[in-house]
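Residue-level listing of the chains:
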Amino acid sequence: MTSTDVRSLPSRPLHVAVLGATGAVGQELLTLLQERAFPVGQLTLLASPRSAGQTLEWNGQVLTIQPVSAEAFAGVDVVLASAGGSVSKQWAPVAAAAGAVVIDNSSAFRMDAGVPLVVPEVNPHEAFRHQGVIANPNCTTILMTLALAPLAARRAMRRVVVSTYQSASGAGARAMEELSELSRTVLDGGTPMSSVLPYSLAFNLFLHNSPLQDNGYCEEELKMVNETRKIMGLPDLRISATCVRVPVLRAHSEAINIEFCEPFPVEEARTLLKDAPGVELIEDFSSNRFPMPTDVTGRDPVAVGRIRQDLSEPNALEVWLCGDQIRKGAALNAIQIAELLLDPAAAAAAAQATAGASA
Ligand code: NAP
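Residues numbered from 1 in each chain as written. Predicted model: local features only at pLDDT ≥ 70, side-chain atom pairs only at ≥ 80, totals over all residues. Heavy atoms only, no water.

## Description of the overall build of the chain
Note the cut-off: The secondary structure listing takes helices from DSSP runs of H or I that are at least 4 residues long and strands from runs of E that are at least 2 residues long, numbered from the N terminus. We take the radius of gyration over the C-alpha atoms and set the globule estimate at 2.2 Å times the residue count to the 0.38 power. In this description, accessible areas are obtained by the Shrake-Rupley approach with a 1.4 Å probe, and a residue is regarded as covered only by the protein chains that are shown. Positive charges come from Lys and Arg, negative ones from Asp and Glu, while His and the chain ends are left out of the count. The atom standing in for a charge is NZ when the residue is Lys, CZ when it is Arg, CG when it is Asp and CD when it is Glu.
Of regular secondary structure, the chain possesses 10 helices and 15 strands. Here the chain has a C-alpha radius of gyration of 21 Å; the compact-globule value for 359 residues is 21 Å, and the two agree. For the chain, the accessible area works out to roughly 15,500 Å², and carbon and sulfur atoms hold 52% of it. A gap of 2 Å separates the mean positions of the 27 positive and 37 negative side-chain charges of the chain.

This is the structure in structure tokens:
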């Protein structure tokens, strides 16, 4: 590959495989492939042996779910993978070796040096440097980078401190069902007993249940730290996160404190965010109306608001945001990456950027 080579997808109807088609993200991928009229010539649905043989309707066709196998990837152009890290680790290399581009929603390859970690609005050129696998970032990280990137492009960013309010859907389809069921149990006067999440989320919240690390942070928090640095190309950005699961069915929220190297006028930040791709401003101070998960559920944009000067630090801003993490935080971002690889103008810009960087 020369320095200006970019790896696009062929411009013809594509053979697409959705790995994890029965899951929360897989279902959203299927909805979006149809909604966005992605050029699907053939669709292969893959899931675990538990679902193999079941049928799903997509775009007027009844399709049978298949178990994953090497043969299933023959002739596939794009694999949209959302079946968890261990499944991706096993099958993404097999699919890539068979000639497919794998866009992977799991964390299996995100921090690998040779694997692009892409948010199309933030670092689109990276997508074209893939070697068969492109990683879709962590959901809370995707949402946050949409707000950070336009601000970082204007003034040097020094430090980010974020607290998240993450919905049940972040833990998959079964966690959503559990929250609904256990909420009914509580309302009926019963004792909620969880089996999907470690504790009942009904009328409750708890710190994110991903594995704790030696430094006291959980894995989800460190994903936000490391992936944000990689996506934004800011390896030294100081960043700290606290991730919390809250009893919301779908869509995550985040309170972000962003410190710059100099003061950032609030009005300027507001204008930048209002005009930023993938971002919507919901902000009415007169009626105390700011983004809520219900504003973004089932929708594409990340809603930001309550942008204000940090009272304790003249160089810092406070920003609140909500985003549908199954959509922009997972399925939509993955499909946007595939769309990017089909866009000749994006490929030309990536080639130019690569040539410029190596000149
Ligand atoms: P989910 O609702 O639990 O769905 C998991 C999917 O993986 C199902 O289709 C399941 O098939 C399939 N699967 C499980 N084991 C398999 C195996 N051994 N072989 C083949 N398929 C298998 O989970 P999800 O929330 O959609 O998450 C899927 C992935 O996306 C995870 O890596 C997750 O971290 C990531 N992600 C999720 C979100 C989110 O907001 N939920 C956001 C970003 C990234 P069966 O139905 O047959 O079991």
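## Examining the sheet that holds strand β10 (residues 206-207)
Note the following rule: When DSSP locates at least two bridges between a pair of strands, those strands are taken to pair. We call two residues contacting when some pair of their heavy atoms lies within 4.5 Å. In this analysis, axes come from line fits to C-alpha atoms, helices being fitted only over the stretch in contact, and the angle between any two N-to-C directions falls in the range 0 to 180 degrees.
Read from one edge of the open sheet, 7 strands run β10-β11-β9-β12-β15-β14-β13, paired in mixed fashion. At either margin of the open sheet sits one strand with a lone partner, and together these are β10 and β13 (279-281). In the packing of helix α4 (residues 139-152) onto the sheet, the strands contacted are β9 (157-166), β11 (238-245), β12 (252-260), β13, β14 (302-309) and β15 (316-323), and the crossing angle to β12 comes to about 35 degrees.

## Points about the packing of aromatic side chains
Basically, it comes down to this: Aromatic pairs are defined between Phe, Tyr and Trp rings, using the six-membered ring for Trp, whenever the two ring centres lie within 6.5 Å; interplanar angles under 30 degrees are classed as stacked, those over 60 as edge-to-face, and all others as tilted. The rule is simple: take the accessible area with a 1.4 Å probe, protein chains only, and divide by the maximum for that residue type; under 20% is buried, over 50% is exposed, in between is partly exposed. To sit over a ring, a charge needs its Lys NZ or Arg CZ within 6 Å of the ring centre and within 35 degrees of the ring normal.
Taken as a whole and judged by the stated rule, the model has 5 aromatic pairs. Residues Tyr165 and Trp320 carry aromatic rings whose centres are separated by 5.3 Å and whose planes lie at 65 degrees to one another, so their mutual orientation is edge-to-face. Of this pair, Tyr165 sits in strand β9 while Trp320 is found in strand β15, placing the two residues 155 residues apart along the sequence. For Trp320, a relative accessible area of 22% puts it in the partly exposed group. With a centroid separation of 5.0 Å and an interplanar angle of 70 degrees, the aromatic rings of Phe285 and Phe290 are classed as edge-to-face. Judged by its relative accessible area of 46%, Phe285 falls in the partly exposed class. Lying across the ring of Phe290, Arg306 places its NZ or CZ 5.6 Å from the centre.

## Here we look at the site of the ligand
Here is the rule we go by: By convention in this text, a residue qualifies as near a molecule or strand provided that one of its non-hydrogen atoms is within 4 Å of it. We define a polar contact as two N or O atoms separated by no more than 3.5 Å, with the added condition that, inside protein, one atom must be a possible hydrogen donor and the other a possible acceptor, whereas residues neighbouring each other in sequence contribute only through side-chain atom pairs.
The environment of the ligand is made up of 26 residues, and the closest members are Thr22, Val25, Ser48, Arg50 and Ser51. Between the ligand and the protein, one listed contact pairs an oxygen atom with a backbone N or O atom of Gly23 at 3.1 Å. A distance of 2.4 Å separates an oxygen atom of the ligand from a polar side-chain atom of Ser51. A total of 900 Å² of accessible area belongs to the ligand in isolation, and the protein chains cover 76% of it. When residues of the shell around the ligand are traced back to their parent elements, those giving at least two are α1 (24-35) and α9 (327-341).

## A closer look at α4
Convention followed: Expected span, for any helix, means 1.5 Å times one less than how many residues it has. Take the seven residues that end at a residue and the seven that start at it, fit an axis to each, and the angle between those axes is the bend at that residue.
Compared with an ideal rise of 1.5 Å per residue, which puts 14 residues at 20 Å, α4 spans 20 Å between its outermost C-alpha atoms and is within 8% of the ideal. Of all the bends found along α4, the most pronounced is centred on Thr145 and spans about 35 degrees. For α4, the tally of buried residues reaches 13 of 14 residues, placing the bulk of the element in the interior.

## Concerning unusual backbone geometry
Located in the positive-phi region is Phe203, a residue other than glycine, with phi close to 55 degrees. With respect to the helices and strands, Phe203 occurs in the loop between α5 (173-187) and β10. The phi dihedral of Arg306 falls on the positive side, at around 50 degrees, and the residue is not glycine. Considering the arrangement of structural elements, one finds Arg306 in strand β14.

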